[in-house]
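Fold and contact review
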Amino acid sequence: MTAPGPTGAPSVAYFAAASRGTESVLAAELMELGLPAVEERRGGVTFGERLEHAYRACLWSRVASRVVFPLVTFAAGDPQELYEGVYAIDWTSHLDPARTVAVDVTGAPSPIGSPRFITLKTKDALVDKVRDTAGTRPDVDTEHPDVRISVYVSATAVTVSIDLGGRGLHRRGIGRRFAEAPLKENRAAAILRIAGWPARCPARALFDPFCGSGTFLLEAAWMAGDVAPGLTRPRGGTGWRGHDEALWNRLLSEARDRRRDGMLLPVRIEGSDGSVEAVHHARENLRRAGLSGVVRVDHRDLRDIRAPWEDGGLVVTNPPYGQRLGEAGELGPLYELLGDVLKRRFAGWTAWVFSGNPALVKRIGLRPASRHILYNGPIECRLLEIPIAAERVVGDAGPGWRRPSAEADAFARRLRTSHRERAQWARDGDITCYRLYDSDLPEYNLAVDWYDGAVRVEEYAPPSRIPPERAERRLRDALMVVSEVMGVDPSEVVLRVRRRRSAGEQHQRRGDLRRFRTVREGGLRFMVNLTDYLDTGLFLDDRQLRSLIRSRASGRRFLNLFAHTCTASVAAAAGGAGATTSVELSNVYLSWGKRNFALNGLLKPAHRFVRADVLSWLEGHDRGLYDLILLAPPTFSRSKGMRGDFDVQRDHTFMIMACARLLAPGGEVLFTTNFRDFRLDVEGIRGVTAREITQEVTPVDFGRRPRLRAWAISA
């Protein structure tokens, strides 16, 4: 067992923990702070000889995740040995029994037990020792303890320490807001140090085109302004008996003076993001950090970005890299666009791109000067340094090094033929959105949909026998061919990847660009969004179904269950329905539906919009009120507003019979599903008549590969 020295002056070094891959960055930072005895270790750095050294690290280190004072290291192969090792520590020399404590456990798997078990066993030993020594025991407060105990476990080796910084030094104390899980502040600071900011950037200029909640921007501004990250963070460890309040206050005063002087130095920092929500959060975070007048953030899509300054600087960014399956495949064009934008609009700059997907960073198409391996949690990531030639590339067309391969010629011919054949049919029906291609060639397993000047490409998961690199090349070829054949800018080609979901899985929102466009269908107009969701707000394969509803709606009362964006209700209203009721749980979709009604001049009191869980709503309605009902449930759903989950195969009999009870004499229910393996439970719907009408409601452009199955049901 290794014992500590006197309180506040241990015979062993202090230890600063770092995220994996940033140990050398932390060591360099601590040496720059003037701290002695710095030695890089796995998972962090040992350093220091006096308490002042540890406090400086707590106050000034941007890269460390924790700073601890090791009390003891011992071997423990079972719970009893752990208990005895912790109990042996003279705890009353470190904490007052009236103080609160918390125990945090980190490290590798141990034969002692799970981290939770080790936490409880450590707490028991600590509390027992204090009670046996002082006659009273400390309370546990896991959120805001007076003293936080750190336990590091590696196999049978256990190190017990006092955490001098509190609950994680990556926290900056500003109550940061974010929409999705952001990059941690200490990891962002490490990336900025590797990039040489601000010391090796004479222009003191930095830009982040995927700024998210503003992590890089905030860290860069504080680094350039010499602002200690611990100034705004609530102080931890003040309940430790070795704490020196006078020393800490002296260091705080010094840091405040440096901040006052440093923030006067000129610096140029800007960021942008395509998400409205992310930009809002970034601006709020900068305001809380006192940086609103220092850093500028704009809402801007990548395709619209220009270099904000002519004399160069650093681009430091963490583009999305698709942690959820399906997303990564959709991001290839985004990385290609990033490469194009950098090459053509950031001449003379140096870009540093951090990503957890090696295949995606290759799509940037620019040669990196250096590569650094870092980790974002468990994900191995690459930080690429990409110098951009000073010669500006003229024009905004796609780069010459990207051309479709000869293999794509057959796909181009098929798409061109389909486009020509569909054009007259679409004009005759006043249709500006339709399917052009649907896996016609086995080598190109995707769908191509036209949306009045924009194209949506949906890639189906390739068979396992197809090597991933071949599937990726074919997809790149297809996207270039689509842009060329359809005569649209590559930025108007949107990719989505479809795959079979696992049990209980739901589709997630994919973006926040909020770019809507209006399309036409048989004299009606609908709003679509090609970027933010897996669906666009208008199911093209429901076109004939909407036409059927429109033809049967005159003078009838129409009920639309799982109404989505209420396109079927619009069709019914346009067909002369006396009244429509649209039931949908999502506020977003209901609001979208109201906009569709307004777009067609149909937003009138006779047309109701009900936000409700459909199953619960059906249970509360049992009278014959409707002449025509559309029941179009999803395959599976588990939303916050639902009482439970929903499964179409399991729940369809209840819904069909509940709808039948709502029918007026002579009424009918139109039931549809996209579930590929659906089986109608004929025995479960006795008392009603069901006739399959799939062929009648399948549009011509979906004839090769129908997606929708439908039944007409009458009581």
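Above this text you will find the structure in question.
Residues numbered from 1 in each chain as written. Predicted model: local features only at pLDDT ≥ 70, side-chain atom pairs only at ≥ 80, totals over all residues. Heavy atoms only, no water.

**Things to note about the sheet that holds strand β17 (residues 446-451)**
Remark on secondary structure: sheet strands pair via backbone hydrogen bonds, oriented parallel or antiparallel. Pairing is mixed in the open sheet, where four strands are placed in the order β16-β17-β18-β19. Of all the strands in the sheet, the pair left with one neighbour each is β16 (433-438) and β19 (493-498). Taken pair by pair, the neighbouring strands of this sheet meet at an average axis angle of 20°, ignoring direction. Across five bridges, the pairing between β16 and β17 is antiparallel. Its bridge partner lying in β17, Arg-435 is registered against Asp-449. Along the sheet, helix α12 (residues 409-428) makes contact with β16 and β17, crossing β16 at roughly 150°. Across the sheet, helix α13 (residues 468-486) is in contact with β16, β17, β18 (455-460) and β19; its angle to β18 comes to roughly 160°. (Pairing = 2+ DSSP bridges. Helix = DSSP H or I, 4+ residues; strand = E, 2+ residues; numbered from the N terminus. Axes fitted to C-alpha atoms, helices over the stretch in contact; angles between N-to-C directions. Contact = heavy atoms within 4.5 Å.)

**Notes on empty space enclosed by the protein**
Taken as a whole and assessed by the stated rule, the structure comprises two cavities of 30 Å³ or more. A volume near 50 Å³ is recorded for the largest cavity. Taken together, Cys-58, Gly-165, Leu-169, Gly-230, Arg-233, Pro-234, Arg-235, Gly-236 and Trp-248 form the lining of the largest cavity. Considering only residue class, the lining of the largest cavity consists of four nonpolar, three polar and two charged. Roughly 30 Å³ of volume is contained in the second largest cavity. (1 Å grid on protein atoms, 1.4 Å probe; cavity = no way out; pocket = protein on both sides within 12 Å on 5 of 7 lines; lining within 4 Å. Points joined across faces, edges and corners; volume = space filled by probe spheres on them. Nonpolar A, V, L, I, M, F, W, Y, C, P; charged D, E, K, R; others polar.)

**Some details on the environment of Val-63**
Structurally, Val-63 is set in the loop between α2 (51-60) and β4 (66-75). Classification of Val-63 by relative accessible area gives buried; the value is 1%. Residues in contact with Val-63, not counting those within four places in the same chain, are Thr-22, Val-25, Leu-26, Glu-29, Asn-186, Ala-189, Ala-190 and Arg-193. (Buried < 20%, exposed > 50% of the residue type's maximum accessible area, 1.4 Å probe, protein only.)

**A word on the packing of aromatic side chains**
A full pass over the atoms with the stated rule returns 20 aromatic pairs. When the centroid spacing of 5.5 Å and the interplanar angle of 85° are considered together, the rings of Tyr-55 and Trp-248 count as edge-to-face. Residue Tyr-55 is found in helix α2, and its partner Trp-248 is found in helix α7 (residues 245-262); the two are separated by 193 residues along the sequence. Aromatic side chains Tyr-589 and Trp-592 sit 6.0 Å apart centroid to centroid with 40° between the ring planes, which places their arrangement in the tilted category. Placement of the pair is Tyr-589 and Trp-592 together in helix α16 (residues 587-599), with a separation of three residues, close to one helical turn. With relative accessibility at 16%, the residue Tyr-589 sits in the buried group. (Phe/Tyr/Trp six-rings, centres within 6.5 Å; stacked < 30°, edge-to-face > 60°.)

**Quick notes on the sheet that holds strand β22 (residues 557-561)**
Here seven strands make up an open sheet; going across it, the order is β24-β23-β22-β25-β28-β30-β29 and the pairing mixed. This sheet does not close on itself; its edge strands, each paired only once, are β24 (607-611) and β29 (689-692). The mean angle between the axes of side-by-side strands here comes to 15°, regardless of whether they run parallel or antiparallel. One ladder, built from five bridges, connects β22 with strand β23 (residues 579-584); its direction is parallel. Across the sheet, residue Arg-557 finds its bridge partner in β23, namely Ala-579.

**Topic: the nonpolar core**
Judged by nonpolar contacts, the single largest core of 118 residues is most densely connected at Trp-91, Trp-197 and Phe-346. The element best represented in this core is helix α6 (residues 215-224), accounting for eight residues. Within the second largest apolar cluster, 30 residues are counted, among which are Leu-615, Leu-618, Val-648 and Leu-663. (Core = buried A, V, L, I, M, F, W, Y, C linked by side-chain atoms within 4.5 Å.)

**Thoughts on the pattern of salt bridges**
Enumeration according to the criterion identifies 49 salt bridges in this entry. With its nearest N and O atoms 2.5 Å apart, the salt bridge here joins Arg-66 to Asp-163. Highlighted residues: Arg-66 in strand β4 and Asp-163 in strand β8 (residues 157-163), separated in sequence by 97 residues. Here Arg-66 and Asp-163 have matching classes, each one buried. Residues participating in the shared-partner salt-bridge network are Arg-50, Glu-52, Arg-56, Arg-250 and Glu-254. (Salt bridge = Lys/Arg side-chain N within 4 Å of Asp/Glu carboxyl O.)

**Here we look at helix α1 (residues 23-32)**
Those residues of α1 that sit buried are Glu-23, Val-25, Leu-26, Ala-27, Glu-29 and Leu-30. In this structure, the buried residues of α1 make contact with β1 (14-17), β2 (39-41), β3 (44-47), α2 and α5 (185-194). Following α1 by one or two positions, Gly-34 has its phi on the positive side, about 85°.

**Quick word on unusual backbone geometry**
Omega for the peptide link from Trp-197 to Pro-198 comes to -10°, which places this bond in the cis form. By the secondary structure assignment, Pro-198 is in the loop between α5 and β9 (205-208). Phi angles above zero are rare outside glycine, and Ala-37 is one such case at about 55°. Position of Ala-37 relative to the elements: it lies in the loop between α1 and β2. Non-glycine residue Phe-562 carries a positive phi angle of around 60°. With respect to the helices, strands and loops of the structure, Phe-562 is situated in the loop between β22 and α15 (567-574).

**Brief notes about the pairing of β17**
Within a regular beta strand, the side chains point alternately toward one face of the sheet and then the other, so they alternate between its two faces. The element β17 is largely enclosed, with a buried count of six among its six residues. Burial along β17 is two-sided: Leu-446, Val-448 and Trp-450 facing one way and Ala-447, Asp-449 and Tyr-451 facing the other are all buried. The sheet contact formed by β17 and β18 spans five bridges and is antiparallel. Residue pairing across strands places Trp-450 opposite Val-455, the latter belonging to β18.

**Section: the environment of Gly-313**
For Gly-313, the position within the fold is in the loop between β11 (295-299) and β12 (314-317). Not counting residues within four places of it along the chain, the set of residues in contact with Gly-313 comprises Cys-201, Ala-205, Trp-349 and Thr-350.

**Topic: helix α18 (residues 648-662)**
Every α-helix winds through 3.6 residues per turn, so residues three or four apart in the chain are directed the same way. In a regular helix each residue adds 1.5 Å, so 15 residues correspond to 21 Å; α18 covers 20 Å between its end C-alpha atoms and thus fits that length. Among all positions in α18, only Val-648, Asp-651, His-652, Thr-653, Met-655, Ile-656, Ala-658, Cys-659, Ala-660 and Leu-662 are buried. The inward-facing, buried residues of α18 abut β22, α17 (614-619), β25 (626-631), β27 (646-647), β28 (663-673) and β30 (709-714). (Expected span 1.5 Å × (residues − 1).)

Remember, this is a structural readout, not a statement about activity or role.
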